[in-house]
Amino acid sequence: MTAPTYDLGKLHGGLRLPAHKSDATAQPIRDVPLPPQLILPITQHVGDPAQPVVGIGNRVLKGQLLAEPDGTVGAPIHASSSGKIIAIEPWPVARRLGDNGPCIIIECDGDDLAVEHEGLTADYLSLQPADLLLQILDGGIVGLGGAVFPTAQKLMQARTCDIDFLILNGVECEPYISCDDMLMRERAAEILSGAQILMHAMQIDICYVVVESDKPEALNSLGGALGELDDDRLILKQVPTIFPSGGEDQLVQLVTNREVPSGGLPTDVGCLVQNVGTAAAVHDWVINHEPLISRVTTVSGDGIANPMNVRARIGTPVADVVEFTGGYAERPEHLIIGGPMTGRSVSTDRVPLVKATNSILVVHRTSFQGRELACIRCGDCASVCPVQLQPQQLFWYACADDEEKLREFGLTDCIECGCCDLVCPSHIPLTADFRIAKGRIQELADEKARAERARQRFEARNERLEREKKDRDAELARQKASAKQAGPEAIAEILKRKQQESEDD
Ligand code: SF4
Ligand code: SF4
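Being a predicted model, the structure only gives us computed values, none of them experimental.

Further remarks concern the overall build of the chain. Each helix and strand in the chain was counted, giving 14 helices and 18 strands. Across its three principal axes, the chain shows a C-alpha extent of roughly 95 × 55 × 50 Å. Taking all 505 residues of the chain together, the buried fraction comes to 48%. Put simply, 72% of the contacts in the chain that link residues at least 6 apart link residues at least 24 apart. Accessible surface for the chain amounts to roughly 23,900 Å². Of this, 49% is attributable to carbon and sulfur atoms. Averaging the positions of the 49 positive and the 73 negative side-chain charges in the chain gives two centres separated by 6 Å.

Written out as structure tokens, the structure reads:
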């Protein structure tokens with residue numbers, strides 16, 4: 001084992017924020033009981049929605065495939081417990097655009113019977129890396145740090161680049177959120193096992209396991225597990241606690257001093273970043289054959305009676321999760337799915353916990369609100385932006401709906417960290433505006449891609465029809481030539497057939 005090292009690489013901008021984590025980390029992770037119903041959105045990942053392969057009335061087992069990926073980017077959805085599908089319908093969800101999304105609803109039977117996943121081997125070292133990647137694809141695993149990019153596809157993209165380092169992201173810098181910290185304390189061995197699986201799948205020789213210096217318990221636990229593994233390829237690194245040092249690009253810079261280019265990916269500079277929770281999920285699937293059907297989430301904030309970290313089935317209504325922890329401290333005023341900086345406000349606790357839910361935060365509205373005033377061009381937002389953007393300019397172009405300027409000024413590089421909001425003396429909700437503008441740009445890009453796919457399908461169909469017509473004409477010409485020798489009845493028969501085919505066309 002290599003001794004932990006400090007890396008004090010410097011980030012641009014960022015903020016030192018109060019942690020607010022000790023309440024939730026005071027007790028071990030607790031398991032939320034199975035709820036009566038599980039609500040499983042078919043979109044829990046970046047990419048196209050998964051397509052249901054079950055129907056209303058079907059009985060399903062825990063771990064059974066409910067919806068399969070459709071398109072080049074996507075992830076399967078599995079049943080989090082056994083029961084009956086009672087509906088496939090829109091349900092309130094926490095997401096970028098809109099309040100409702102199509103969901104598969106399971107009425108749980110309480111037996112929690114699991115399906116057998118056949119043909120998998122826990123002896124992953126016997127698999128070729130490409131076969132291991134295909135195995136990971138079937139586990140429904142997505143980036144659990146919040147990005148929810150399908151893990152197997154991220155790995156496949158990375159295989160097209162020269163990767164020097166796997167960076168395991170245990171940097172959980174957003175206030176209140178402590179699910180990764182608790183996972184590192186309690187499941188360090190499984191996280192490291194997941195890292196070894198990823199290293200084999202990607203043929204990478206060095207893995208940095210990166211944790212902030214304010215998490216001594218997690219560091220101890222990982223250090224102990226590393227000692228038992230005795231694998232020198234895994235190196236534990238500490239970094240200072242600055243928000244948002246857990247952002248992928250920021251982490252790459254902190255750990256390797258390599259700068260991810262604007263519009264680029266960590267893989268462009270030889271790094272593959274995976275969240276520690278994702279690594280544990282890879283272990284659970286490859287070694288135990290349990291797809292991603294549960295996760296650890298932090299339930300916290302001054303509106304929660306008893307803050308803690310819990311493990312809950314994907315699809316559990318947030319109301320059930322909160323009730324299990326001891327309920328609301330008082331009437332909830334502001335419910336956020338995710339952290340205070342990057343999360344999304346929702347209007348109901350009927351929304352389900354999904355693969356992306358790293359935190360359920362309940363706070364008093366006054367903690368986050370101030371009256372919005374006009375921009376005074378102070379420049380504070382630019383000085384804290386970790387991506388070195390000009391938020392005040394972006395805000396201006398977002399208001400003007402100027403897509404071209406938004407692109408030119410790097411909106412797509414914005415990591416939606418919320419630092420600019422926090423320092424803005426005019427209380428302008430910059431990040432919310434940027435999210436909406438990015439959503440619009442993405443929608444336009446999706447629309448363009450859909451139109452392009454439709455154009456290609458149309459052209460391919462026309463080409464095929466043209467080809468078939470040519471083949472038929474050639475065949476008729478051949479038949480005519482031989483019929484000339486056969487007599488007038490045969491010619492009449494061919495002409496009749498030709499007329500029939502024209503009518504069919
Ligand atoms: S939300 Fe975007 S613009 Fe604002 S500080 Fe973060 S990265 Fe910069
Ligand atoms: S911090 Fe607020 S007021 Fe200051 S320049 Fe940025 S947007 Fe304008």
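Taken together, 13 residues sit near ligand 1, with Cys 385, Cys 414, Cys 417, Gly 418 and Cys 420 positioned nearest. The pocket occupied by ligand 1, as judged from atoms lying within 2 Å of grid points, is the second largest cavity. Of all the secondary structure elements, the ones that give two or more residues to the shell around ligand 1 are helix H12 (419–423) and helix H13 (430–486). Looking at side-chain class alone, the shell around ligand 1 contains 10 nonpolar, two polar and one charged residues.

The subject of this paragraph is empty space enclosed by the protein. It is the rolling of a water-molecule-sized probe over the atoms that shows where space remains empty. Under the definition given, this model contains two cavities of 30 Å³ or more. Cys 375, Cys 381, Gln 392, Cys 424 and Ile 428 are, among the 14 residues lining the largest cavity, the residues nearest its centre. Of all the secondary-structure elements, those providing two or more residues to the lining of the largest cavity are helix H9 (380–384) and helix H10 (391–399). Classifying every residue of the lining of the largest cavity by side-chain character gives nine nonpolar, three polar and two charged. Approximately 90 Å³ is the volume attributed to the second largest cavity.

With that settled, the discussion passes to the nonpolar core. Formed by 52 residues in total, the largest nonpolar core has its most connected members in Ile 136, Leu 166 and Leu 168. Not counting the four nearest positions on each side in its chain, Leu 168 is found in contact with Ile 191, Ala 195, Cys 207, Tyr 208, Val 209, Val 210, Gln 274, Val 276 and Ala 279.

Tracing the sequence through the fold places Leu 292 in the loop between helix H7 (276–286) and strand S14 (294–300). Look past the residues within four positions of Leu 292 in its chain and what remains in contact with it is Gly 139, Gly 140, Ile 141, Val 142, Leu 144, Ala 281, Ile 314 and Lys 355.

A few words now on the sheet that holds strand S7 (residues 77–78). Taken in spatial order, the three strands of this open sheet run S4-S6-S7, and their pairing is antiparallel. This sheet does not close on itself; its edge strands, each paired only once, are strand S4 (51–52) and S7. Pairing of strand S6 (residues 65–68) with S7, which is carried by two bridges, proceeds in the antiparallel orientation. Among the inter-strand pairings, Ala 67 is bridged to a residue of S7, identified as Ile 77.

Let us now look at the sheet that holds strand S8 (residues 83–92). Consider a sheet: its strands pair through backbone hydrogen bonds, and that pairing is either parallel or antiparallel. Here we have four strands laid out as an open sheet, ordered S3-S9-S8-S5, and antiparallel in their pairing. A strand with exactly one partner marks an edge of an open sheet, and here the two such strands are strand S3 (37–41) and strand S5 (59–60). Looking at chain direction, S5 and S8 are connected through two bridges and run antiparallel. Its bridge partner lying in S8, Arg 59 is registered against Lys 84.

So, about the side chain of Thr 256. With respect to the helices, strands and loops of the structure, Thr 256 is situated in helix H6 (residues 248–256). Only 3.2 Å separates the side chain of Thr 256 from the backbone nitrogen of Arg 258, close enough to count as a polar contact. Setting aside anything within four residues of it in sequence, one finds Thr 256 in contact with Phe 165, Ile 167 and Cys 271.

With that out of the way, let us pick up helix H8 (residues 318–325). Along H8, the residues that are buried comprise Val 318, Val 321, Val 322 and Thr 325. The buried residues of H8 occupy an angular sector of 95° when the element is viewed end-on, so they sit on one face. In this structure, the buried residues of H8 make contact with S14, strand S15 (308–313), strand S16 (334–337) and strand S18 (359–363). Positive phi appears at Gly 326, one or two residues downstream of H8, with a value of about 120°.

Moving on, we get to the side chain of Glu 212. Take Glu 212: it is sitting in strand S11 (residues 206–212). By relative accessible area, Glu 212 is classed as buried at 0%. In this structure Glu 212 touches Gly 170, Val 171, Glu 172, Cys 173, Leu 219, Val 239, Pro 240 and Thr 241, once residues within four positions along its chain are discounted.

Right, let's talk about the packing of aromatic side chains for a bit. Under the criterion given, the structure shown has two aromatic pairs. Between Phe 165 and Tyr 208, the aromatic rings sit 5.2 Å apart at their centres with planes inclined by 45°, giving tilted as the arrangement. Here the residue Phe 165 occupies a position in strand S10 (residues 165–170), and Tyr 208 occupies one in strand S11, the gap between them amounting to 43 residues. Owing to a relative accessible area of 14%, Tyr 208 belongs among the buried residues under this scheme. Considering the side-chain rings of Tyr 397 and Phe 409, the 5.2 Å spacing of their centres and the 45° angle between planes classify their relative orientation as tilted. On the criterion of sequence distance, the pair formed by Tyr 397 in helix H10 and Phe 409 in the loop between helix H11 (403–408) and H12 is long-range, its members being 12 residues apart. Between the NZ or CZ atom of Lys 237 and the centre of the ring of Tyr 208, over which it lies, the distance is 5.2 Å. Looking at Arg 350, its charged tip hangs above the ring of Trp 91, at a distance of 4.6 Å from the centre.

Rules used throughout
Residues numbered from 1 in each chain as written. Chains lettered and ligands numbered in written order. Predicted model: local features only at pLDDT ≥ 70, side-chain atom pairs only at ≥ 80, totals over all residues. Heavy atoms only, no water. Helix = DSSP H or I, 4+ residues; strand = E, 2+ residues; numbered from the N terminus. Buried < 20%, exposed > 50% of the residue type's maximum accessible area, 1.4 Å probe, protein only. Contact = heavy atoms within 4.5 Å. Areas by Shrake-Rupley, 256 points an atom, 1.4 Å probe, with all protein chains shown as cover. Lys, Arg positive; Asp, Glu negative; His and termini not counted. Charge placed at Lys NZ, Arg CZ, Asp CG, Glu CD. Near = heavy atom within 4 Å. 1 Å grid on protein atoms, 1.4 Å probe; cavity = no way out; pocket = protein on both sides within 12 Å on 5 of 7 lines; lining within 4 Å. Sits in = over half its atoms within 2 Å of the grid points. Nonpolar A, V, L, I, M, F, W, Y, C, P; charged D, E, K, R; others polar. Points joined across faces, edges and corners; volume = space filled by probe spheres on them. Core = buried A, V, L, I, M, F, W, Y, C linked by side-chain atoms within 4.5 Å. Pairing = 2+ DSSP bridges. Polar contact = N/O pair within 3.5 Å; in protein donor to acceptor, adjacent residues only side chain to side chain. Arc of directions from axis to C-beta. Phe/Tyr/Trp six-rings, centres within 6.5 Å; stacked < 30°, edge-to-face > 60°. Lys NZ or Arg CZ within 6 Å of the ring centre and 35° of its normal.

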